[in-house]
Amino acid sequence: MFIQTEATPNPATLKFLPGRDVLGDRDAIEFRDAGQSESSPLAARLFEIDGVSGVFLGSDFISVTKGDGEWQHLKPAILGAIMEHYLSGEAMTSGADAEQTGGEEFFAPEDEETVNTIKELLDTRVRPAVAQDGGDITFQGFRDGVVFLHMRGACSGCPSSTATLRHGIENLLRHFVPEVQEVRPI
């Protein structure tokens, strides 16, 4: 098994590409600490590595965020854990997946059409690009012209995430949805 690695815009996060499905068509899952990893044998195995502070499972990639430690020491252990997991034949998750968003979506009923357009733009234009960098951005809410987004994986804590929100996503949404005035992370 050959596992590729890619740098992400977040220097604390590396993207691992096992060349096989991770979650496939299922929604991405983020684990921010070992306590949340009970539903994923792979995430639990990765959190056993000293220095791992976050795990994000995407359709065909695994993003790992480090706390303390250097990548040259952590990377071999992470590669080994991913390989062991695939060789074990265990499932990626137990089905009782961790909480995946910052809570319930919120928006006024009269904004439903606007929200559907925002979600469509996020799903078709933003999320695929963000997944290339090892992360995910999901819709959380819309109120008074402000779109609230939940940033996960490599996007969470990334130094360039503010620029991505302001110059990329906000401009895109404002262009196609005049009601949007601002984009904020949650």
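Report follows, based on the coordinates. Quantities reported herein were computed from a predicted structural model and do not represent experimental measurements. (Residues numbered from 1 in each chain as written. Predicted model: local features only at pLDDT ≥ 70, side-chain atom pairs only at ≥ 80, totals over all residues. Heavy atoms only, no water.)

## Some words on the overall build of the protein
Right, so step 1: On a plain count of helices and strands, the protein comes out with four helices and nine strands.
Right, so step 2: Walking the protein from its N terminus toward its C terminus, one meets helices and strands in the order β-β-β-α-β-β-α-β-α-β-β-α-β.
Right, so step 3: Relative to a compact globule of 186 residues, whose C-alpha radius of gyration would be 16 Å, the protein shows 17 Å and is just as compact.
Right, so step 4: C-alpha atoms of the protein, sized along the principal axes, occupy 50 × 30 × 25 Å.
Right, so step 5: Buried residues in the protein amount to 47% of all 186 residues.
Right, so step 6: In the form shown here, the protein has an accessible surface area of approximately 9,400 Å², with 48% of it arising from carbon and sulfur atoms.
Right, so step 7: For the protein, the distance from the average position of its 15 positive side-chain charges to the average position of its 30 negative side-chain charges is 4 Å. (Helix = DSSP H or I, 4+ residues; strand = E, 2+ residues; numbered from the N terminus. Rg over C-alpha atoms; globule rule 2.2 N^0.38 Å. Buried < 20%, exposed > 50% of the residue type's maximum accessible area, 1.4 Å probe, protein only. Areas by Shrake-Rupley, 256 points an atom, 1.4 Å probe, with all protein chains shown as cover. Lys, Arg positive; Asp, Glu negative; His and termini not counted. Charge placed at Lys NZ, Arg CZ, Asp CG, Glu CD.)

## Concerning the packing of aromatic side chains
Right, so step 1: Applying the stated criterion to the full structure yields three aromatic pairs.
Right, so step 2: Here Phe56 and Phe61 contribute two aromatic rings whose centre-to-centre distance is 6.0 Å and whose plane-to-plane angle is 35 degrees, an arrangement assigned as tilted. For the pair formed by Phe56 and Phe61, the shared burial category is buried.
Right, so step 3: Measuring from centroid to centroid gives 5.3 Å for Phe106 and Phe148, while their planes differ by 50 degrees, and the two rings are tilted. Here Phe106, found in strand β6 (residues 106-107), pairs with Phe148, found in strand β8 (residues 146-153); they are 42 residues apart in sequence, far enough to count as distant.
Right, so step 4: With relative accessibility at 22%, the residue Phe106 sits in the partly exposed group.
Right, so step 5: The ring of Phe61 carries the charged tip of Lys15 above its face, separated from the ring centre by 4.8 Å. (Phe/Tyr/Trp six-rings, centres within 6.5 Å; stacked < 30°, edge-to-face > 60°. Lys NZ or Arg CZ within 6 Å of the ring centre and 35° of its normal.)

## Let's talk about the pattern of salt bridges
Right, so step 1: Within the structure shown, the criterion is met by nine salt bridges.
Right, so step 2: Ionic pairing is found between Lys119 and Glu105, a salt bridge with its closest N-O pair at 2.7 Å. A residue pair is termed long-range when its members are at least 10 positions apart, and Lys119 in helix α3 (residues 112-132) and Glu105 in the loop between α2 (71-88) and β6 qualify at 14 residues.
Right, so step 3: Overall, Glu105 belongs to the partly exposed group, its relative accessible area being 39%.
Right, so step 4: The network of salt bridges with common partners includes Asp123, Arg127, Asp136 and Arg152. (Salt bridge = Lys/Arg side-chain N within 4 Å of Asp/Glu carboxyl O.)

## A word on the sheet that holds β6
Right, so step 1: If you trace the four strands from one edge of the open sheet to the other, you get β6-β7-β8-β9, paired in mixed fashion. In this open sheet, the two edge strands, each paired with only one partner strand, are β6 and β9 (182-185).
Right, so step 2: Inspection of the sheet shows β8 paired to β9 by four bridges, in the parallel sense. Residue pairing in the sheet places Leu149 in a bridge with Pro185 of β9.
Right, so step 3: Sheet strands in contact with α3 are β6, β7 (135-143) and β8, and its direction is about 165 degrees off that of β7.
Right, so step 4: Packing of helix α4 (residues 161-176) onto the sheet brings it into contact with β7, β8 and β9, and relative to β9 it is tilted by some 145 degrees. (Pairing = 2+ DSSP bridges. Contact = heavy atoms within 4.5 Å. Axes fitted to C-alpha atoms, helices over the stretch in contact; angles between N-to-C directions.)

## Remarks on the sheet that holds strand β5 (residues 62-66)
Right, so step 1: The antiparallel open sheet is built from five strands, whose spatial order is β1-β2-β5-β4-β3. Looking at which strands have only one partner, the edges of the open sheet turn out to be β1 (4-7) and β3 (29-31). In this sheet, adjacent strand axes meet at a mean angle of 20 degrees when their direction is disregarded.
Right, so step 2: Pairing of β3 with strand β4 (residues 52-57), which is carried by three bridges, proceeds in the antiparallel orientation. Paired with Ile29 across the two strands is Leu57, which belongs to β4.
Right, so step 3: Lying over the sheet, α2 contacts β1, β2 (13-17), β4 and β5, oriented at roughly 35 degrees with respect to β2.

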